[in-house]
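# Reading the structure
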Amino acid sequence: MPIIVNLDVMMAKRKISLNELSERVGITPANLSILKTGKAKAIRFSTLEAICHELICQPGDILEWSDD
Amino acid sequence: MKRFLSLKTLVWLAGIAFGFMIVSSFINGFEDFKMGFYRGAGSPIGNNRLTDTVKPNNAVGDDYKFQIAPDVYFLKLAPKKSIFNFPDSIENIKTKSKTSTRYYRMKAALPASTLLPSRVRMYSGISVFLSLLITVAYIFLIINLFLLLSSLQSEAVFEMDNIKQLRMIGIALVLIFILMSVANYLYFLANKILFEFEHYNILYDKADTIHLFLGVVILIVAEIINRGLKLKQENELTI
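Notes on the structure in this doc start here. (Residues numbered from 1 in each chain as written. Chains lettered and ligands numbered in written order. Predicted model: local features only at pLDDT ≥ 70, side-chain atom pairs only at ≥ 80, totals over all residues. Heavy atoms only, no water.)

## Quick notes on the interface of chain A and chain B
Every contact between the two is made by eleven residues of chain A and, on the other side, five residues of chain B. A combined buried area of about 710 Å² lies between chain A and chain B, and 64% of that area is made up of carbon and sulfur atoms. The three residues of chain A that bury the most area against chain B are Lys41, Ala42 and Arg44 of chain A, which together make up 57% of that side's buried surface. Between the two partners, chain A and chain B, sit zero salt bridges. Ranked by residue count, the leading element in the side of chain A that touches chain B is helix H3 (residues 29-36) of chain A, at three residues. (Contact = heavy atoms within 4.5 Å. Buried area = accessible area lost by both parts, 1.4 Å probe. Salt bridge = Lys/Arg side-chain N within 4 Å of Asp/Glu carboxyl O. Helix = DSSP H or I, 4+ residues; strand = E, 2+ residues; numbered from the N terminus.)

Quick look at the structure:
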């Protein structure tokens, strides 16, 4: 898939677990796992905003485009 | 947005309507079923069962009364001359006079002992085989309908199984229409060999096009639900 999700990289940098991040963002661990593993079809701006707020990063730190 | 009727209510209504359809078909066809049963069994039915049979002009004594249930042929007729031609008549008890009539559909009875031409037997044989296929298609349709209604009863709408069942129902209906059309045409060919009337042409009784129309509509609905399923899956994968 052309959009690569680097959520696990940011989570490791901020030393935060999946369950803790999902609780802070307000989505289920299952959904966050879908996002982390690149299976998600779309992400809402509200969710992206909440993730960036918790991980103190830019959207480009989490999402990357690749021509593969 | 207010719901018109809940899904469960609609499923129950569908079941009730289907039940009415089955009972109605059974009642309408019961007389013909009984006749066919007696004919198939080949058992003597005795004079007292057909005492209302009208005596043909050339009948001798009680010869016209069937001893064994006759072969009954269903004919669709049209007057030979014009639509304003009413070549027959029937006694109207209310006016105590004869009323001009014409036949549109007729059941003609041939004695069981009638020797049928080989082509008629061939056409009848193929029609019977096609009728068996139609019966199988109907059973298949009923099973899929039952499975679909059960699934809808539990509020599971946008599921792949429902789409498959809808497609099966649609295909079964279209297939039933095609098979019925062929069977009716063979039946028409057999009737043309057996019968010829002075005032009527025998017509080909086309299969009911409601099967074809419903089948196609159901296939369209299946496609719509398929699109809905894709939207649902996309929505479930939207974080």
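## Section: the layout of surface pockets
Residue and element names in this part refer to chain B. Put simply, the second largest pocket is a space of about 490 Å³. Along the walls of the second largest pocket sit 16 residues, with Tyr103, Met106, Lys107, Ala108 and Ala109 positioned nearest its centre. Among the secondary structure elements, those contributing two or more residues to the lining of the second largest pocket are helix H1 (7-41), strand E2 (88-92) and strand E4 (105-110). A per-element tally of the lining of the second largest pocket places E4 first, with four residues. (1 Å grid on protein atoms, 1.4 Å probe; cavity = no way out; pocket = protein on both sides within 12 Å on 5 of 7 lines; lining within 4 Å. Points joined across faces, edges and corners; volume = space filled by probe spheres on them.)

## Examining helix H4 (residues 45-55) of chain A
Residues and elements named next belong to chain A. All of the buried residues along H4 are Thr47, Leu48, Ile51, Cys52 and Leu55. An end-on view of H4 places all buried positions within 130° of arc, on one side of the element. In H4, the exposed positions angled more than 90 degrees off the buried face are occupied by Phe45, Glu49 and His53. Count one or two residues on from H4 and you reach Ile56, which has phi positive near 45°. (Buried < 20%, exposed > 50% of the residue type's maximum accessible area, 1.4 Å probe, protein only. Arc of directions from axis to C-beta.)

## Some remarks on the nonpolar core
In terms of nonpolar packing, the biggest core is built from 35 residues, with Leu75, Leu77, Leu141, Leu166, Ile169, Phe195 and Ile202 of chain B touching the most fellow members. Mapped by element, the contributors of at least two residues to this core are strand E1 (71-79), E4, helix H2 (118-153), helix H3 (160-194), strand E5 (200-203) and helix H4 (210-236) of chain B. With eleven residues, H3 of chain B is the single largest residue contributor to this core. Beyond its immediate stretch of four places on either side in the chain, Ile202 of chain B contacts Leu75, Lys76, Leu77, Phe188, Asn191, Lys192, Phe195 and Phe197 of chain B. Membership of the second largest hydrophobic core comes to 18 residues, among which are Leu7, Val25, Ala40 and Ile51 of chain A. (Core = buried A, V, L, I, M, F, W, Y, C linked by side-chain atoms within 4.5 Å.)

## Description of the packing of helix H2 (residues 18-25) of chain A against H4 of chain A
Residue and element names in this part refer to chain A. With their axes 9 Å apart at the nearest point, H2 and H4 run at an angle of 120° to one another. By the criterion of interaxial angle, the relationship of H2 to H4 is oblique. You can see that H2 and H4 cross each other, and the crossing is right-handed. Seen from H2, the contacting residues are Leu21, Arg24 and Val25; seen from H4, they are Thr47, Ala50, Ile51, Glu54 and Leu55. For the contact of H2 with H4, the class distribution of residues is five nonpolar, one polar and two charged. (Axes fitted to C-alpha atoms, helices over the stretch in contact; angles between N-to-C directions. Parallel < 35°, antiparallel > 145°, perpendicular 65-115°, else oblique. Left-handed = near helix turned anticlockwise from the far one by under 90°. Nonpolar A, V, L, I, M, F, W, Y, C, P; charged D, E, K, R; others polar.)

## A look at unusual backbone geometry
Of note, the phi angle at Lys15 of chain A is positive, near 55°, even though the residue is not glycine. Relative to the helices and strands, Lys15 of chain A resides in the loop between helix H1 (7-14) and H2. The exposure class of Lys15 of chain A is exposed, given its relative accessible area of 74%. With a phi angle near 50°, Lys96 of chain B is a residue other than glycine that sits in the positive phi range. Summarising the element assignment, Lys96 of chain B is placed in the loop between E2 and strand E3 (97-101).

## Quick look at the environment of Tyr104 of chain B
Residue and element names in this part refer to chain B. Relative to the assigned elements, Tyr104 resides in the loop between E3 and E4. Once the C-alpha coordinates of Tyr104 and Pro79 are considered, the two residues, 25 residues apart in sequence, prove to be 8.5 Å apart. Beyond its immediate stretch of four places on either side in the chain, Tyr104 contacts Leu75, Lys76 and Leu77.

## Some words on the side chain of Asn144 of chain B
Residues and elements named next belong to chain B. Of note, Asn144 is situated in helix H2. We classify Asn144 as buried; its relative accessible area is 9%. Discounting residues that sit within four places of it in the chain, Asn144 has contacts with Gln165, Met168 and Ile169.

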